[in-house]
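# Structural description and commentary
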Amino acid sequence: MKLGIVGLPNVGKSTLFNALTNAGAQSANYPFCTIEPNIGIVPVPDYRLDRLSEMYHPAKLTPATVEFVDIAGLVKGASKGEGLGNKFLANIREVDAVVHVVRCFENDDITHVEGSVDPVRDIDIINLELILSDIEILERRIDRDTKAMKGDKSYAKSVEFFKRLKSELDNGKCARAVDVSDDEQALMDTVALLTAKPVIYACNMSEDDFAAGKIEENARYQAVKSFADAEGSEALPICAELEAQIADLGVEEKEMFLADLGIAHGGLETLIQRSYDLLGLMSYLTAGEPEVRAWTIKKGTKAPQAAGKIHSDFERGFIRAEVISFDDLMACGSTTAAKEKGLMRSEGKEYVMQDGDIVLFRFNV
């Protein structure tokens, strides 16, 4: 999973990226501090791996990972190449989903490129630039399909849809917020629209506002939440400065620090969980003395295709999957006890994988 962190300059993008990845991206109080996209590979927090590790004492523990890309700050006119617009648009095109950081805190020492703090206005600025870029793409597609329609009337449906979609974008709506049928969604998937990408709006708050009981009182966060709800996106309260403070702490120290503030989970864990849900992802597990490992797959993936994540031979020569749920294994205490209780199942090619399945694939090539 590849997540692009975007936003206007000086909203806390690089501070958040540093905290999440410990990658040490440069952070400073001026636009375009981030020019080349910084990339950090982060392990996905998963308590199930720790429990399985205690049971199997593996030689190797391999979590699933997520790739964060810190993309240069955007300014008005990016769709026409202003600032670092062309680079920004190219970088955002390559990610699976967008973490759009918006500033929800006051700080006179940190300048705002628009002169004041207004997160919904800031969202509109970036969305407008992405919409303008998408309109250009749609115009080219409509022109191409219109020409093709002269020799093949089947293109009429796509021309009609893309004209409707362009009309919605002309009115300021992002592609992800447009109601489409399954057939229309399949058509939309054939064009790489920036505003079709799933988005989490990360509302960067001050530490005081982020403390227990105060988040819901933040009017700027509520405004972003209402905006996100209207287009079917996510709004996530976060404090980049706080995440930076706890980035180097151990697990227990981090939990104690957050508990003192009345906060249950750190930003990384929540952000990844929300991103998984947004992209329809989940993890299945493999466990044994050589290695305990998490594998990321799409929800609805069948057993042979899940096996193919490990190696193509596993999918090609798939025989069956021996499956037990994580909760059942923990309740039994061992694989042997689970088998005696009949909780280890033998599943075939049509089995749809479930989150937390612990699997041994049988194959023959």
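Coordinates for the structure precede this section.
Calculation rules
- Residues numbered from 1 in each chain as written.
- Predicted model: local features only at pLDDT ≥ 70, side-chain atom pairs only at ≥ 80, totals over all residues.
- Heavy atoms only, no water.
- Helix = DSSP H or I, 4+ residues; strand = E, 2+ residues; numbered from the N terminus.
- Buried < 20%, exposed > 50% of the residue type's maximum accessible area, 1.4 Å probe, protein only.
- Arc of directions from axis to C-beta.
- Contact = heavy atoms within 4.5 Å.
- Pairing = 2+ DSSP bridges.
- Axes fitted to C-alpha atoms, helices over the stretch in contact; angles between N-to-C directions.
- Salt bridge = Lys/Arg side-chain N within 4 Å of Asp/Glu carboxyl O.
- Disulfide = S-S within 2.5 Å.

## A few points about unusual backbone geometry
- Residue Asn10 is not a glycine yet carries a positive backbone phi of 65 degrees.
- Position of Asn10 among the secondary structure elements: in the loop between β1 (2–6) and α1 (13–21).
- Given the relative accessible area of 11%, Asn10 is considered buried.
- Here His57, not a glycine, exhibits a phi torsion of approximately 50 degrees, which is positive.
- Its place among the elements puts His57 in the loop between α2 (47–56) and β3 (60–62).
- Its relative accessible area of 64% is what places His57 among the exposed residues.

## Considerations on α2
- Among all positions in α2, only Arg48, Leu49, Leu52 and Tyr56 are buried. Down the axis, α2 shows its buried residues gathered within 95 degrees of arc, on one side only. Facing away from the buried side of α2 by more than 90 degrees, the exposed set consists of Tyr47 and Glu54.
- In this structure, the buried side of α2 is in contact with β3, β8 (281–286), β9 (291–298), α14 (326–332), α15 (335–340) and β12 (357–363).

## A short note on the sheet that holds strand β5 (residues 97–103)
- In spatial order, the strands read β2-β4-β1-β5-β6-β7; together these six strands make up an open sheet with mixed pairing. Whereas interior strands pair on both sides, the edge strands pair on one side only; in this sheet they are β2 (38–43) and β7 (234–238). Strand-to-strand twist in this sheet, taken as the mean axis angle between neighbours without regard to direction, amounts to 25 degrees.
- Across four bridges, the pairing between β1 and strand β4 (residues 65–70) is parallel. Its bridge partner being in β4, Lys2 is matched across the sheet by Glu67.
- The strands touched by α1 within the sheet are β1, β2, β4, β5 and β7, with β4 carrying the most contacts at an inclination of about 155 degrees.

## Details of the pattern of salt bridges
- Tallied over the full model, the rule gives 22 salt bridges.
- Notably, a salt bridge pairs Glu106 with Arg220, separated by 2.6 Å at the nearest N-O pair. In this pair, Glu106 sits in the loop between β5 and α4 (119–149) while Arg220 sits in helix α8 (residues 219–231), placing the two residues 114 residues apart along the sequence.
- Residue Glu106 is classed as exposed on the basis of its relative accessible area of 54%.

## A short note on the state of the cysteines
- This structure, assessed with the given rule, holds zero disulfides.
- Here Cys104 stays unpaired: no disulfide links it, and the sulfur of Cys203, its closest cysteine neighbor, is 4.3 Å away.
- Classification of Cys104 as buried rests on a relative accessible area of 1%.
- Exposure remark for Cys203: the relative accessible area of 0% places this residue in the buried category.

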